[in-house]
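Inside the fold
Each chain is listed here by its residues.
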Amino acid sequence: MQSLFFSLRSLLLTLLVFSGPAQAQSYQEQLKQLQFQNGPTVGTIADEATIKVPKGYVFLDSANSRRFLEINGNPPRDGRFIFGPASLDWFVVFSFNATGYIKDDEKIDADTLLQTLKDADESGNKERKKINATPIHTVGWAVSPHYDLETKRLEWGVRLRSEGSDPFVNYSIRLLGR
């Protein structure tokens, strides 16, 4: 197992800025049912990496992360791991994807990629509707996609909006191991 700060084959990190659920009391009760690992501790990400969880921060394993995402109005996904401050004002979602070799010399067409994301809103919102979640719409880039050859890191930030909430950003980082 490697430390999070060393290279992985591919690690997805998404920073979600959380604006709060509609039913705060029910939300708090649901959170209390999750098995948070309180810092200081070490969290394990897909048996591929570890992350140091400092005091004042929390980590959730895959099963608890799945439920956490669902509580927050996101489609539940397996193989996700949550990290954030104990206040949960924001959180990060980690996942590991052993996709094999990924070429890193291709030019990124940000406009085409953004249109692809916007086009996916309809199908994504159909999935969100099935779980009674509010639709989310892609607005544009908060941070245009870019790749750092030295660190093997691909990252981007998407500005999103949802009915009845403040705009927010989903920030994604892919760490490519070699």
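Check the entry above for the structure.
Values in this document were obtained by computation on a predicted structure and should not be read as measured data.

**A look at the packing of aromatic side chains**
The full count for this structure, using the stated rule, is 5 aromatic pairs. Seen from their ring centres, Phe 59 and Phe 81 are 6.3 Å apart, and the 15° between their planes marks the pair as stacked. Of this pair, Phe 59 sits in strand S6 (residues 57-60) while Phe 81 sits in strand S7 (residues 80-85); the two residues are 22 residues apart in sequence, bridging distant segments of the chain. Phe 81 sits in the buried class, given a relative accessible area of 8%. Between Phe 68 and Phe 91, the aromatic rings sit 4.8 Å apart at their centres with planes inclined by 90°, giving edge-to-face as the arrangement. Of this pair, Phe 68 sits in helix H2 (residues 62-71) while Phe 91 sits in strand S8 (residues 90-96); the two residues are 23 residues apart in sequence, bridging distant segments of the chain. Comparing Phe 68 with Phe 91 shows no difference in burial state: the two are buried.

**Thoughts on H2**
Along H2, the residues that are buried comprise Asn 64, Ser 65, Phe 68, Leu 69 and Ile 71. What you see down the axis of H2 is that its buried residues fit within an arc of 160°, all on one side.

**Thoughts on the pairing of strand S11 (residues 168-176)**
Bridge analysis of strand S10 (residues 153-162) against S11 gives 8 bridges, and the strand direction is antiparallel. Looking at S11, one finds that Arg 153 is bridged to Leu 175. The hairpin formed by S10 and S11 contains 5 residues between the paired strands, and Gly 164 there has a positive phi angle of roughly 80°.

**Side note on the nonpolar core**
Counting 12 residues, the largest nonpolar core consists of Tyr 27, Leu 31, Leu 34, Val 58, Leu 60, Phe 68, Leu 69, Ile 71, Ile 82, Leu 88, Phe 91 and Val 93. Only helix H1 (24-32), S6, H2 and S8 provide two or more residues apiece to this core. Counting residues per element, this core draws most heavily on H2, at 3 residues. Once residues lying within four places of it in the same chain are set aside, the contact partners of Leu 69 are Asn 74, Pro 75, Arg 77, Arg 80, Ile 82, Phe 91 and Val 93. Grouped together as the second largest cluster of nonpolar side chains are 9 residues, Phe 59, Phe 83, Val 92 and Phe 94 included.

**Regarding the pairing of S6**
Pairing between strand S3 (residues 37-38) and S6: 2 bridges, direction antiparallel. Residue pairing in the sheet places Asn 38 in a bridge with Val 58 of S6. Bridge count between S6 and S7: 4 bridges; the pairing is antiparallel. Pairing of Phe 59 across the sheet is with Phe 83, part of S7.

Definitions and limits used
- Residues numbered from 1 in each chain as written.
- Predicted model: local features only at pLDDT ≥ 70, side-chain atom pairs only at ≥ 80, totals over all residues.
- Heavy atoms only, no water.
- Phe/Tyr/Trp six-rings, centres within 6.5 Å; stacked < 30°, edge-to-face > 60°.
- Helix = DSSP H or I, 4+ residues; strand = E, 2+ residues; numbered from the N terminus.
- Buried < 20%, exposed > 50% of the residue type's maximum accessible area, 1.4 Å probe, protein only.
- Arc of directions from axis to C-beta.
- Pairing = 2+ DSSP bridges.
- Core = buried A, V, L, I, M, F, W, Y, C linked by side-chain atoms within 4.5 Å.
- Contact = heavy atoms within 4.5 Å.

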